[in-house]
Amino acid sequence: MKLLKFTLISILGLSLCTACGGDGDGGETPGPGKPEGPDKSSTTGIDRFDASNIFSRNTYLPDNTAMQGFNLDSDGSVWYTQLSSTNQAQLNWVRAQPNKGTGVQTENKDYMKLTYFGHGTNTALEEDGTDRYLWAGAYGVCNAKGQYWNEKLVGRVKYVKGATVKTNECNDYYYIGDYTDLHPSIDAENDLLTINYGDSKNSSYRCFVIYKLSEAKKAPMTNVTITCTDGFQTDRPASTNPVSVVVRCHDLTTLTPVARPRFLKTGYGASGATYYDWQGYDVHKNRLYYAEGQSNYNLFGSFYSGSSFAYVTVFDFEGNIVEERTQVAVVSDKDKLTQIGVSVFGTLEAEGIKVYKDKLYLGYTARGIAADNTNHYQNIFVFDPSSK
(Lines give C-alpha, C1' and ligand atoms only; values in the text may rest on other atoms or scores of the structure.)
Protein backbone atom coordinates (compact mmCIF):
# COMPACT_ATOMS: atom_id res chain seq x y z
CA MET A 1 0.00 0.00 0.00
CA LYS A 2 2.81 2.44 0.75
CA LEU A 3 4.31 1.79 -2.65
CA LEU A 4 0.95 2.32 -4.35
CA LYS A 5 0.40 5.56 -2.42
CA PHE A 6 3.82 6.87 -3.41
CA THR A 7 3.19 6.00 -7.06
CA LEU A 8 -0.16 7.76 -7.14
CA ILE A 9 1.25 10.91 -5.60
CA SER A 10 4.12 10.89 -8.06
CA ILE A 11 1.75 10.46 -10.99
CA LEU A 12 -0.53 13.23 -9.75
CA GLY A 13 2.45 15.49 -9.24
CA LEU A 14 3.67 14.80 -12.74
CA SER A 15 0.21 15.45 -14.14
CA LEU A 16 0.04 18.80 -12.37
CA CYS A 17 3.45 19.83 -13.74
CA THR A 18 2.44 18.79 -17.25
CA ALA A 19 -0.85 20.68 -17.07
CA CYS A 20 0.95 23.81 -15.95
CA GLY A 21 3.30 23.61 -18.93
CA GLY A 22 6.27 24.26 -16.68
CA ASP A 23 9.85 23.16 -16.96
CA GLY A 24 10.27 22.88 -13.21
CA ASP A 25 12.26 20.56 -11.01
CA GLY A 26 9.89 17.58 -10.91
CA GLY A 27 7.32 19.13 -8.57
CA GLU A 28 9.56 19.86 -5.59
CA THR A 29 8.43 22.63 -3.30
CA PRO A 30 10.69 25.64 -3.95
CA GLY A 31 13.11 26.13 -1.11
CA PRO A 32 15.34 29.05 -0.12
CA GLY A 33 16.97 30.50 -3.23
CA LYS A 34 14.85 28.45 -5.64
CA PRO A 35 12.75 30.35 -8.19
CA GLU A 36 8.96 30.14 -8.00
CA GLY A 37 8.60 28.18 -11.22
CA PRO A 38 10.72 28.12 -14.37
CA ASP A 39 13.48 30.68 -14.75
CA LYS A 40 12.33 33.11 -17.44
CA SER A 41 15.32 35.43 -17.43
CA SER A 42 16.77 36.35 -20.81
CA THR A 43 19.65 34.31 -22.21
CA THR A 44 20.20 36.59 -25.21
CA GLY A 45 22.76 38.96 -23.69
CA ILE A 46 20.78 42.10 -24.59
CA ASP A 47 21.25 43.40 -21.06
CA ARG A 48 24.91 44.17 -21.87
CA PHE A 49 26.93 45.42 -24.83
CA ASP A 50 30.45 45.57 -26.26
CA ALA A 51 32.09 45.98 -29.66
CA SER A 52 31.34 42.37 -30.63
CA ASN A 53 27.63 43.22 -30.65
CA ILE A 54 27.99 45.62 -33.60
CA PHE A 55 26.96 43.92 -36.84
CA SER A 56 26.46 47.02 -39.00
CA ARG A 57 26.15 50.74 -38.32
CA ASN A 58 25.54 54.14 -39.88
CA THR A 59 24.01 52.97 -43.15
CA TYR A 60 22.21 55.67 -45.13
CA LEU A 61 19.39 54.50 -47.44
CA PRO A 62 17.83 56.15 -50.52
CA ASP A 63 15.55 58.38 -48.43
CA ASN A 64 16.21 60.21 -45.19
CA THR A 65 13.75 58.14 -43.18
CA ALA A 66 13.82 55.23 -40.75
CA MET A 67 13.98 51.70 -42.02
CA GLN A 68 10.85 49.71 -41.22
CA GLY A 69 12.77 46.47 -40.91
CA PHE A 70 15.47 44.29 -42.45
CA ASN A 71 16.24 40.77 -43.63
CA LEU A 72 19.51 38.84 -43.90
CA ASP A 73 20.77 36.92 -46.94
CA SER A 74 23.03 33.86 -47.16
CA ASP A 75 25.29 35.85 -49.52
CA GLY A 76 26.00 38.33 -46.71
CA SER A 77 23.66 41.07 -47.92
CA VAL A 78 21.24 43.02 -45.75
CA TRP A 79 17.83 43.82 -47.25
CA TYR A 80 16.16 46.94 -45.82
CA THR A 81 12.57 48.09 -46.20
CA GLN A 82 12.07 51.84 -45.92
CA LEU A 83 9.17 54.25 -46.47
CA SER A 84 9.85 57.02 -48.97
CA SER A 85 10.24 60.54 -47.60
CA THR A 86 8.20 62.01 -50.46
CA ASN A 87 5.53 59.35 -51.07
CA GLN A 88 4.03 57.42 -48.14
CA ALA A 89 2.57 54.91 -50.59
CA GLN A 90 6.09 53.81 -51.55
CA LEU A 91 8.35 51.29 -49.87
CA ASN A 92 11.99 51.09 -50.90
CA TRP A 93 13.38 47.56 -50.86
CA VAL A 94 17.15 48.03 -50.64
CA ARG A 95 19.99 45.54 -51.01
CA ALA A 96 23.07 46.59 -49.03
CA GLN A 97 26.18 45.24 -47.36
CA PRO A 98 26.90 45.42 -43.61
CA ASN A 99 28.86 48.53 -42.70
CA LYS A 100 31.76 47.32 -40.59
CA GLY A 101 33.43 50.73 -40.37
CA THR A 102 32.61 53.73 -38.21
CA GLY A 103 31.86 56.16 -41.03
CA VAL A 104 28.66 56.61 -43.03
CA GLN A 105 27.93 54.05 -45.75
CA THR A 106 25.43 55.20 -48.38
CA GLU A 107 23.38 52.43 -50.02
CA ASN A 108 21.15 53.90 -52.75
CA LYS A 109 22.15 52.09 -55.94
CA ASP A 110 20.60 48.63 -55.56
CA TYR A 111 16.88 48.85 -54.79
CA MET A 112 13.35 48.65 -56.17
CA LYS A 113 10.10 50.40 -55.28
CA LEU A 114 6.93 48.78 -53.97
CA THR A 115 3.87 51.03 -54.15
CA TYR A 116 0.47 50.93 -52.40
CA PHE A 117 1.43 47.88 -50.32
CA GLY A 118 1.33 49.05 -46.72
CA HIS A 119 3.60 50.16 -43.90
CA GLY A 120 6.15 47.34 -44.22
CA THR A 121 6.41 46.87 -40.46
CA ASN A 122 7.53 43.26 -40.78
CA THR A 123 8.64 41.51 -43.97
CA ALA A 124 10.36 38.27 -44.93
CA LEU A 125 13.01 37.30 -47.47
CA GLU A 126 12.81 34.08 -49.48
CA GLU A 127 15.83 32.75 -51.37
CA ASP A 128 15.16 30.68 -54.48
CA GLY A 129 18.46 29.90 -56.19
CA THR A 130 19.81 33.26 -57.36
CA ASP A 131 16.39 34.90 -57.11
CA ARG A 132 15.13 36.78 -54.07
CA TYR A 133 11.51 37.34 -53.08
CA LEU A 134 10.07 39.74 -50.54
CA TRP A 135 6.97 38.73 -48.61
CA ALA A 136 5.07 41.76 -47.35
CA GLY A 137 1.59 42.94 -46.43
CA ALA A 138 -0.27 44.09 -49.57
CA TYR A 139 -3.44 45.93 -50.60
CA GLY A 140 -3.14 48.46 -47.78
CA VAL A 141 -5.64 51.22 -47.02
CA CYS A 142 -4.68 54.90 -47.21
CA ASN A 143 -5.76 56.91 -44.17
CA ALA A 144 -6.40 60.65 -43.83
CA LYS A 145 -2.67 61.28 -43.23
CA GLY A 146 -1.71 59.58 -46.49
CA GLN A 147 -0.28 56.56 -44.64
CA TYR A 148 -0.92 52.98 -45.76
CA TRP A 149 -2.01 50.43 -43.14
CA ASN A 150 -4.58 47.62 -42.76
CA GLU A 151 -2.95 45.28 -45.27
CA LYS A 152 -5.49 42.64 -46.39
CA LEU A 153 -3.22 40.07 -48.06
CA VAL A 154 0.40 38.95 -48.07
CA GLY A 155 2.16 39.52 -51.39
CA ARG A 156 5.28 37.79 -52.73
CA VAL A 157 7.45 39.92 -55.03
CA LYS A 158 10.56 38.99 -57.01
CA TYR A 159 13.45 41.44 -56.69
CA VAL A 160 14.27 43.31 -59.90
CA LYS A 161 16.77 46.11 -59.46
CA GLY A 162 15.32 49.49 -60.45
CA ALA A 163 11.79 48.19 -60.97
CA THR A 164 8.57 49.62 -59.53
CA VAL A 165 5.88 47.11 -58.58
CA LYS A 166 2.36 48.07 -57.56
CA THR A 167 0.41 46.16 -54.94
CA ASN A 168 -1.69 44.50 -57.68
CA GLU A 169 1.41 43.22 -59.51
CA CYS A 170 2.83 40.66 -57.08
CA ASN A 171 3.99 37.23 -58.20
CA ASP A 172 1.72 35.55 -55.63
CA TYR A 173 -0.80 36.44 -52.93
CA TYR A 174 -1.76 34.65 -49.72
CA TYR A 175 -5.10 34.86 -47.90
CA ILE A 176 -5.62 33.87 -44.25
CA GLY A 177 -9.22 35.01 -43.73
CA ASP A 178 -11.06 38.25 -43.10
CA TYR A 179 -8.27 39.96 -41.18
CA THR A 180 -6.16 43.09 -41.60
CA ASP A 181 -2.63 44.34 -40.83
CA LEU A 182 -0.85 41.26 -42.17
CA HIS A 183 2.89 41.00 -41.54
CA PRO A 184 4.86 37.86 -42.52
CA SER A 185 7.95 36.11 -41.17
CA ILE A 186 9.77 33.15 -42.73
CA ASP A 187 11.98 30.57 -41.04
CA ALA A 188 13.15 28.72 -44.13
CA GLU A 189 15.44 26.43 -42.15
CA ASN A 190 12.44 25.01 -40.29
CA ASP A 191 9.88 25.39 -43.10
CA LEU A 192 7.74 27.94 -41.25
CA LEU A 193 5.65 30.84 -42.52
CA THR A 194 4.18 33.04 -39.80
CA ILE A 195 1.68 35.83 -40.38
CA ASN A 196 0.82 38.41 -37.75
CA TYR A 197 -2.70 39.77 -38.16
CA GLY A 198 -5.24 42.08 -36.58
CA ASP A 199 -8.49 40.49 -35.42
CA SER A 200 -11.34 42.95 -34.79
CA LYS A 201 -12.98 40.43 -32.45
CA ASN A 202 -9.80 40.12 -30.35
CA SER A 203 -8.36 43.62 -30.67
CA SER A 204 -6.55 43.53 -27.33
CA TYR A 205 -4.41 40.61 -28.55
CA ARG A 206 -1.42 40.36 -30.86
CA CYS A 207 -2.41 37.40 -33.07
CA PHE A 208 -0.31 35.09 -35.23
CA VAL A 209 -0.86 32.03 -37.41
CA ILE A 210 1.98 29.67 -38.32
CA TYR A 211 1.98 27.37 -41.36
CA LYS A 212 4.42 25.05 -43.04
CA LEU A 213 5.97 27.26 -45.72
CA SER A 214 6.06 24.42 -48.24
CA GLU A 215 2.34 23.79 -47.73
CA ALA A 216 1.47 27.49 -47.97
CA LYS A 217 3.18 27.84 -51.35
CA LYS A 218 1.17 24.89 -52.68
CA ALA A 219 -2.17 25.88 -51.12
CA PRO A 220 -5.16 25.81 -53.50
CA MET A 221 -6.08 28.99 -55.33
CA THR A 222 -9.24 30.99 -54.79
CA ASN A 223 -10.72 34.35 -55.74
CA VAL A 224 -11.03 36.76 -52.83
CA THR A 225 -12.86 40.09 -52.85
CA ILE A 226 -11.18 42.68 -50.66
CA THR A 227 -11.78 46.36 -49.97
CA CYS A 228 -8.86 48.78 -50.04
CA THR A 229 -8.25 52.28 -51.45
CA ASP A 230 -7.90 53.08 -55.14
CA GLY A 231 -4.49 54.77 -55.30
CA PHE A 232 -2.91 51.89 -57.22
CA GLN A 233 -5.61 52.27 -59.89
CA THR A 234 -5.62 56.07 -60.11
CA ASP A 235 -1.98 56.84 -59.30
CA ARG A 236 -3.15 59.17 -56.53
CA PRO A 237 -1.19 58.08 -53.46
CA ALA A 238 -3.25 60.12 -51.00
CA SER A 239 -6.63 58.90 -52.27
CA THR A 240 -8.89 57.51 -49.55
CA ASN A 241 -11.60 56.37 -51.96
CA PRO A 242 -12.61 52.78 -51.19
CA VAL A 243 -12.65 50.17 -53.93
CA SER A 244 -13.46 46.45 -54.04
CA VAL A 245 -11.17 44.21 -56.05
CA VAL A 246 -11.02 40.49 -56.77
CA VAL A 247 -7.60 38.93 -56.21
CA ARG A 248 -6.44 35.40 -57.08
CA CYS A 249 -4.79 34.01 -53.92
CA HIS A 250 -3.39 30.94 -52.27
CA ASP A 251 -6.10 30.10 -49.75
CA LEU A 252 -4.33 29.34 -46.47
CA THR A 253 -7.67 28.81 -44.70
CA THR A 254 -7.66 25.34 -46.29
CA LEU A 255 -4.53 24.38 -44.33
CA THR A 256 -4.13 23.12 -40.79
CA PRO A 257 -1.84 25.61 -39.02
CA VAL A 258 1.18 24.52 -37.04
CA ALA A 259 0.04 26.90 -34.29
CA ARG A 260 -1.98 30.06 -33.60
CA PRO A 261 -0.15 31.90 -30.81
CA ARG A 262 -1.53 35.10 -29.35
CA PHE A 263 -0.83 37.29 -26.34
CA LEU A 264 -2.06 40.57 -24.90
CA LYS A 265 -0.61 43.72 -26.47
CA THR A 266 0.16 44.98 -22.97
CA GLY A 267 0.34 43.33 -19.57
CA TYR A 268 2.95 40.67 -20.38
CA GLY A 269 5.70 42.52 -18.50
CA ALA A 270 6.28 43.37 -14.86
CA SER A 271 3.57 45.09 -12.87
CA GLY A 272 3.40 48.79 -13.70
CA ALA A 273 5.55 48.44 -16.84
CA THR A 274 5.46 51.07 -19.56
CA TYR A 275 4.93 49.60 -23.02
CA TYR A 276 6.27 51.03 -26.27
CA ASP A 277 5.40 50.76 -29.95
CA TRP A 278 5.53 47.33 -31.52
CA GLN A 279 8.56 47.21 -33.83
CA GLY A 280 8.52 43.74 -35.36
CA TYR A 281 8.74 40.04 -34.60
CA ASP A 282 10.42 36.91 -35.88
CA VAL A 283 9.83 33.18 -35.53
CA HIS A 284 12.66 30.66 -35.33
CA LYS A 285 12.29 26.98 -34.49
CA ASN A 286 9.63 26.94 -31.76
CA ARG A 287 10.06 30.48 -30.44
CA LEU A 288 8.49 33.83 -31.31
CA TYR A 289 10.66 36.90 -30.69
CA TYR A 290 8.80 40.18 -30.13
CA ALA A 291 10.35 43.66 -30.22
CA GLU A 292 9.08 47.01 -28.97
CA GLY A 293 10.63 50.41 -28.44
CA GLN A 294 10.68 54.15 -29.12
CA SER A 295 13.33 56.82 -29.38
CA ASN A 296 13.58 59.74 -26.99
CA TYR A 297 12.72 62.04 -29.91
CA ASN A 298 9.47 60.19 -30.61
CA LEU A 299 8.63 59.96 -26.92
CA PHE A 300 9.43 63.53 -25.87
CA GLY A 301 9.68 65.51 -29.12
CA SER A 302 13.28 66.49 -28.45
CA PHE A 303 16.78 65.10 -28.92
CA TYR A 304 17.73 66.58 -25.57
CA SER A 305 15.09 64.99 -23.33
CA GLY A 306 14.96 61.55 -21.79
CA SER A 307 16.23 58.23 -23.08
CA SER A 308 15.30 55.82 -25.84
CA PHE A 309 13.91 52.42 -24.85
CA ALA A 310 13.73 48.97 -26.44
CA TYR A 311 12.61 45.58 -25.14
CA VAL A 312 12.51 41.98 -26.38
CA THR A 313 10.19 39.22 -25.13
CA VAL A 314 10.34 35.57 -26.21
CA PHE A 315 7.16 33.48 -26.45
CA ASP A 316 6.38 29.87 -27.30
CA PHE A 317 3.82 28.76 -29.88
CA GLU A 318 1.02 28.87 -27.32
CA GLY A 319 1.67 32.50 -26.45
CA ASN A 320 3.37 31.69 -23.14
CA ILE A 321 6.40 33.71 -22.06
CA VAL A 322 9.64 31.74 -22.32
CA GLU A 323 12.00 34.65 -21.69
CA GLU A 324 10.63 37.67 -19.89
CA ARG A 325 10.39 41.18 -21.29
CA THR A 326 14.00 42.38 -21.13
CA GLN A 327 15.44 45.82 -21.82
CA VAL A 328 18.02 46.23 -24.58
CA ALA A 329 20.52 48.07 -22.41
CA VAL A 330 22.58 49.85 -25.06
CA VAL A 331 19.53 51.67 -26.46
CA SER A 332 19.22 53.68 -23.24
CA ASP A 333 22.97 54.20 -22.79
CA LYS A 334 23.80 57.61 -24.31
CA ASP A 335 27.46 57.38 -23.36
CA LYS A 336 27.89 54.02 -25.10
CA LEU A 337 26.00 55.19 -28.19
CA THR A 338 28.26 58.24 -28.40
CA GLN A 339 31.36 56.09 -27.88
CA ILE A 340 30.52 53.74 -30.77
CA GLY A 341 29.73 56.66 -33.09
CA VAL A 342 26.00 56.05 -33.48
CA SER A 343 24.20 58.91 -31.68
CA VAL A 344 25.38 61.71 -29.43
CA PHE A 345 21.74 62.26 -28.41
CA GLY A 346 20.98 58.63 -27.57
CA THR A 347 18.25 58.68 -30.21
CA LEU A 348 17.52 55.12 -31.36
CA GLU A 349 14.19 53.87 -32.71
CA ALA A 350 13.74 50.09 -32.67
CA GLU A 351 13.07 48.85 -36.22
CA GLY A 352 13.08 45.11 -36.79
CA ILE A 353 14.21 41.82 -35.26
CA LYS A 354 15.55 38.66 -36.90
CA VAL A 355 16.97 35.32 -35.81
CA TYR A 356 19.36 34.02 -38.46
CA LYS A 357 22.02 31.31 -38.38
CA ASP A 358 21.80 31.00 -34.60
CA LYS A 359 22.17 34.70 -33.88
CA LEU A 360 19.65 37.35 -32.79
CA TYR A 361 19.76 40.60 -34.77
CA LEU A 362 18.10 43.83 -33.60
CA GLY A 363 17.65 46.83 -35.90
CA TYR A 364 17.67 50.52 -34.93
CA THR A 365 17.42 53.80 -36.77
CA ALA A 366 19.68 56.38 -35.11
CA ARG A 367 19.69 60.14 -35.36
CA GLY A 368 22.44 62.44 -34.14
CA ILE A 369 25.56 60.76 -35.49
CA ALA A 370 26.96 64.22 -34.71
CA ALA A 371 25.39 67.20 -32.98
CA ASP A 372 24.86 68.92 -36.33
CA ASN A 373 23.61 65.83 -38.19
CA THR A 374 20.16 64.45 -37.40
CA ASN A 375 19.75 62.34 -40.54
CA HIS A 376 18.46 58.78 -40.21
CA TYR A 377 21.13 56.07 -40.17
CA GLN A 378 20.44 52.35 -39.88
CA ASN A 379 22.17 50.10 -37.34
CA ILE A 380 22.00 46.39 -36.59
CA PHE A 381 23.29 44.83 -33.37
CA VAL A 382 23.83 41.09 -32.88
CA PHE A 383 23.22 38.94 -29.79
CA ASP A 384 22.44 35.34 -28.94
CA PRO A 385 19.07 33.67 -29.53
CA SER A 386 17.12 32.19 -26.66
CA SER A 387 18.63 29.00 -25.29
CA LYS A 388 15.34 27.97 -23.67
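What comes next concerns the included structure.

Cut-offs and rules
Residues numbered from 1 in each chain as written. Predicted model: local features only at pLDDT ≥ 70, side-chain atom pairs only at ≥ 80, totals over all residues. Heavy atoms only, no water. Helix = DSSP H or I, 4+ residues; strand = E, 2+ residues; numbered from the N terminus. Polar contact = N/O pair within 3.5 Å; in protein donor to acceptor, adjacent residues only side chain to side chain. Contact = heavy atoms within 4.5 Å. Pairing = 2+ DSSP bridges. Core = buried A, V, L, I, M, F, W, Y, C linked by side-chain atoms within 4.5 Å. Buried < 20%, exposed > 50% of the residue type's maximum accessible area, 1.4 Å probe, protein only. Salt bridge = Lys/Arg side-chain N within 4 Å of Asp/Glu carboxyl O. Axes fitted to C-alpha atoms, helices over the stretch in contact; angles between N-to-C directions.

Let's talk about unusual backbone geometry
Here D191, not a glycine, exhibits a phi torsion of approximately 55 degrees, which is positive. Positive phi, close to 60 degrees, is recorded for D235, a residue that is not glycine. Examined against the element boundaries, D235 turns out to sit in the loop between α3 (231–234) and β18 (242–251).

Overview of the side chain of R156
Relative to the assigned elements, R156 resides in strand β11 (residues 153–158). A distance of 2.7 Å separates a polar atom in the side chain of R156 from a polar atom in the side chain of E126. Those residues in contact with R156, other than ones at most four positions away along the chain, are E126, D128, Y133, L134, W135, C170, N171, D172, Y174 and K217.

Describing the sheet that holds strand β1 (residues 54–60)
Pairing in this open sheet of 5 strands is mixed, and the strands run β5-β1-β26-β25-β24 from one edge to the other. Single-partner strands in this sheet number two, and they are β5 (105–106) and β24 (347–356). When β1 meets β5, the two strands line up parallel, connected through 2 bridges. Bridged to Y60 within β5 is T106.

Things to note about the nonpolar core
In this structure, L114 and Y139 are the most contacted members of the largest nonpolar core, which totals 31 residues. Elements represented by at least two residues in this core include exactly β3 (78–83), β4 (90–96), β6 (111–115), β8 (131–138), β11, β13 (172–175), β17 (221–229) and β18. When residues of this core are assigned to their parent elements, the largest contribution, 4 residues, is made by β18.

Here we look at the pattern of salt bridges
Counted according to the given criterion, the structure contains 14 salt bridges. Between D75 and R95 there is a salt bridge, with the nearest N and O atoms lying 2.5 Å from each other. Of the two residues, D75 is situated in the loop between β2 (67–72) and β3 and R95 in strand β4; the sequence distance between them amounts to 20 residues. K217 serves as the salt-bridge partner of E126, at 2.4 Å between the closest nitrogen and oxygen. Linking E126 in strand β7 (residues 124–128) with K217 in helix α2 (residues 213–217), this pair joins segments that are 91 residues apart in sequence. Judged by relative accessible area, K217 falls into the partly exposed class, the value being 31%. Linked by salt bridges that have partners in common, D73, D75, R95, E127 and R132 make up one network.

Here we look at the pairing of β4
For β4, a buried count of 6 out of 7 residues is recorded, marking the element as mostly surrounded by other parts of the structure. Bridge count for β3 against β4 is 6 bridges, and the pairing is antiparallel. Paired with Y80 across the bridge in β4 is V94. Hairpin connection, β3 to β4: the antiparallel pair is bridged by 6 residues. Bridge count between β4 and β6: 5 bridges; the pairing is antiparallel. Each residue of the ladder has a partner; that of V94, found in β6, is Y111.

Notes on the sheet that holds β17
Pairing within the open sheet is mixed, and its 6 strands lie in the order β7-β8-β11-β13-β18-β17. One side of each edge strand has no neighbouring strand; the edge strands of this open sheet are β7 and β17. The mean inter-strand angle of the sheet, taken between neighbouring strand axes irrespective of direction, is 40 degrees. Here β13 pairs with β18 via 2 bridges, running parallel. Counterpart to Y174 in the pairing with β18 is H250.

Re the pairing of strand β22 (residues 309–315)
The buried fraction of β22 amounts to 6 of the 7 residues, a majority that puts the element mostly inside the structure. The pairing of strand β21 (residues 287–294) with β22 spans 7 bridges and is antiparallel. Bridged to G293 within β22 is A310. Two elements, β22 and strand β23 (residues 321–327), share 4 bridges in a ladder whose sense is antiparallel. In the sheet register, V314 faces β23, and the bridge partner there is E323. Where β22 hands over to β23, the hairpin turn is made up of 5 residues, of which G319 adopts a positive phi near 85 degrees.

A few points about the environment of S74
Residue position: S74 is located in the loop between β2 and β3. Overall, the relative accessible area of 46% leaves S74 in the partly exposed class. Sequence spacing of S74 and V247 is 173 residues, and the spatial spacing of their C-alpha atoms is 32 Å. Other than its neighbours up to four places away in sequence, S74 contacts E127, R132 and Y356. Looking at S74, its side chain comes within polar contact range of the side chain of E127, at 2.6 Å.

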